[in-house]
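Observations on the model geometry
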Amino acid sequence: MNDALLEVNRLSVGYKVEDGWLSAVHDVSFAIRKGEFFALVGESGCGKSTIASTIMRLSLDHNERLEGEVRFEGHDLIRATEPEMEAIRGSGIGMIFQNPLDSLNPVYTVGWQIDEALRAGGMDARSARKRTVELMEAVQIPDAARRANAFPHELSGGMRQRVMIAMMLSRSPRLLIADEPTTALDVTVEAQILEIMKDMRDRTGASVLMITHNFGIVAETADHVGIMYAGELVECGSVYEIFARPSHPYSFALLNALPRRRKRDGRIQTIEGTVPRILGESRGCRFANRCPRAMDCCRTEAPPRRELGADHWMRCHLEVNA
Ligand SMILES: Nc1ncnc2c1ncn2[C@@H]1O[C@H](COP(=O)(O)OP(=O)(O)OP(=O)(O)O)[C@@H](O)[C@H]1O
Ligand code: SF4
Ligand SMILES: [Mg+2]
């Protein structure tokens, strides 16, 4: 893809566990264009955070096994050195996490923590504080100059998440990764935070990789959607295509599990059966034990990629339109 900012090519990630290597992510490929809002959706444990932390190279250690490529502006992040990654984290790719208390330092005021990010970029203390207050205002923190002197525990969850977004914006990243940034918040605050992120994308042209359980968020914010199951990306397409024509039996089941009137407003419901835990190499389709349309070949052969339209595809043995 020519205008891709991020390209993930055939990425596989295994974790060493007591009984072998857990296949947390398997053969995942997708691309995010400049300015695009891409949502990665799937049940708990399907590998979403593993993809995010692999892109940021946050958790590489001897308990992980990686294959494939992650290209950001053409650079292969999997093979980048730590100093190269340091340069990319923050100003190239910024990340916000599910629980902002884990990422904010409890012993410093929130203003100081944003100042520090700006000072690390070469700004003097006075200009940094001025910019900090502007950034806090941009993420709709009321009375920002005063709130800059608050400690993280003095702010509500929604305000802390805004602080995290402001801190990330301070480095003007070209790709923003948000790993379930609103799960811990109530729905009104959730909607406000998403508005802020959309607004940021519109104003700065940054791309967003949003990780979520919530189809409501996907419908309201995303341009493109990837649906994951048990470590694999099973269907990918524009938000319109995915909602109008979910084609992989798993996507179909997920979208049909949402009551019609809540389709654009619901968290993923569980569907019958359990997600398999894959150790080592797996054969066949990982959804076969739950799939109402499974055939013999599904248990023995890896499903092929089927093109469903421009930029819309799935991995399944079913013939298209079957
Ligand atoms: N450091 C680790 N060591 C071993 N297993 C891990 C590690 N991190 C994650 N896993 C396992 O890898 C799989 C994928 O986990 P991951 O956190 O990427 O899923 P997720 O889709 O983000 O889930 P959730 O929606 O609950 O956040 C899970 O089975 C998880 O238990
Ligand atoms: S490959 Fe087979 S088991 Fe897997 S989703 Fe398609 S039909 Fe179902
Ligand atoms: Mg996660």
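Summary of the structure given here. (Residues numbered from 1 in each chain as written. Chains lettered and ligands numbered in written order. Predicted model: local features only at pLDDT ≥ 70, side-chain atom pairs only at ≥ 80, totals over all residues.)

**Side note on the site of ligand 2**
The local shell around ligand 2 holds 14 residues, among which Cys285, Cys291, Ala294, Cys298 and Cys316 are the closest. A class-by-class count of the residues in the shell around ligand 2 yields 11 nonpolar, 2 polar and 1 charged. (Near = placed C-beta within 6 Å. Nonpolar A, V, L, I, M, F, W, Y, C, P; charged D, E, K, R; others polar.)

**Comments concerning the sheet that holds strand S6 (residues 93–96)**
Backbone-to-backbone hydrogen bonds pair the strands of a sheet. The strands run either parallel or antiparallel. Across the sheet, which stays open at both edges, the 8 strands sit in the order S6-S7-S8-S3-S9-S10-S12-S11 with mixed pairing between neighbours. Each of the sheet's edge strands pairs with one partner strand only, and the pair in question is S6 and strand S11 (305–309). Between one strand axis and the next, the sheet turns through 20 degrees on average, direction left out of account. With 4 bridges joining them, S11 and strand S12 (residues 312–315) adopt antiparallel strand pairing. Residue pairing across strands places arginine 306 opposite methionine 314, the latter belonging to S12. (Pairing = 2+ DSSP bridges. Helix = DSSP H or I, 4+ residues; strand = E, 2+ residues; numbered from the N terminus. Axes fitted to C-alpha atoms, helices over the stretch in contact; angles between N-to-C directions.)

**Observations regarding the site of ligand 1**
The environment of ligand 1 is formed by Tyr15, Val17, Leu22, Ala24, Gly42, Ser44, Gly45, Cys46, Gly47, Lys48, Ser49 and Thr50. Of all the elements in the fold, those that place two or more residues in the shell around ligand 1 are strand S1 (4–17), strand S2 (20–33) and helix H1 (48–55). Per-element tally for the shell around ligand 1: the top contributor is H1, with 3 residues. Along the lines of polarity and charge, the residues of the shell around ligand 1 split into 5 nonpolar, 6 polar and 1 charged.

**A closer look at unusual backbone geometry**
You will see that arginine 10, though not glycine, has its phi angle at about 50 degrees, which is positive. For arginine 10, a count of 11 C-beta atoms within 10 Å corresponds to the exposed category. (Buried ≥ 20, exposed ≤ 12 C-beta atoms within 10 Å, placed from the backbone.)

**Considerations on the packing of helix H7 (residues 157–169) against helix H8 (residues 187–204)**
Running from N to C, H7 and H8 point in directions that differ by 10 degrees, and their axes come no closer than 10 Å. One finds that H7 runs roughly parallel with respect to H8. On H8, the residues touching Gly158, Gln161, Ile165 and Leu169 of H7 are Val189, Ile193, Ile196, Met197 and Met200. For the contact of H7 with H8, the class distribution of residues is 7 nonpolar, 2 polar and no charged. (Parallel < 35°, antiparallel > 145°, perpendicular 65-115°, else oblique. Contact = placed C-beta atoms within 7 Å.)

**Remarks on the nonpolar core**
If you look at the biggest cluster of nonpolar residues, it comprises 82 residues, and the most contacted ones within it are Phe38, Ala166, Leu175, Ile177, Val208, Leu209 and Met210. Counting residues per element, this core draws most heavily on H7, which supplies 8 residues. Methionine 210 has contacts with Phe37, Phe38, Ala39, Ala178, Ile217, Thr221 and Ala222, leaving out every residue within four places of it along the chain. (Core = buried A, V, L, I, M, F, W, Y, C linked by C-beta atoms within 7 Å.)

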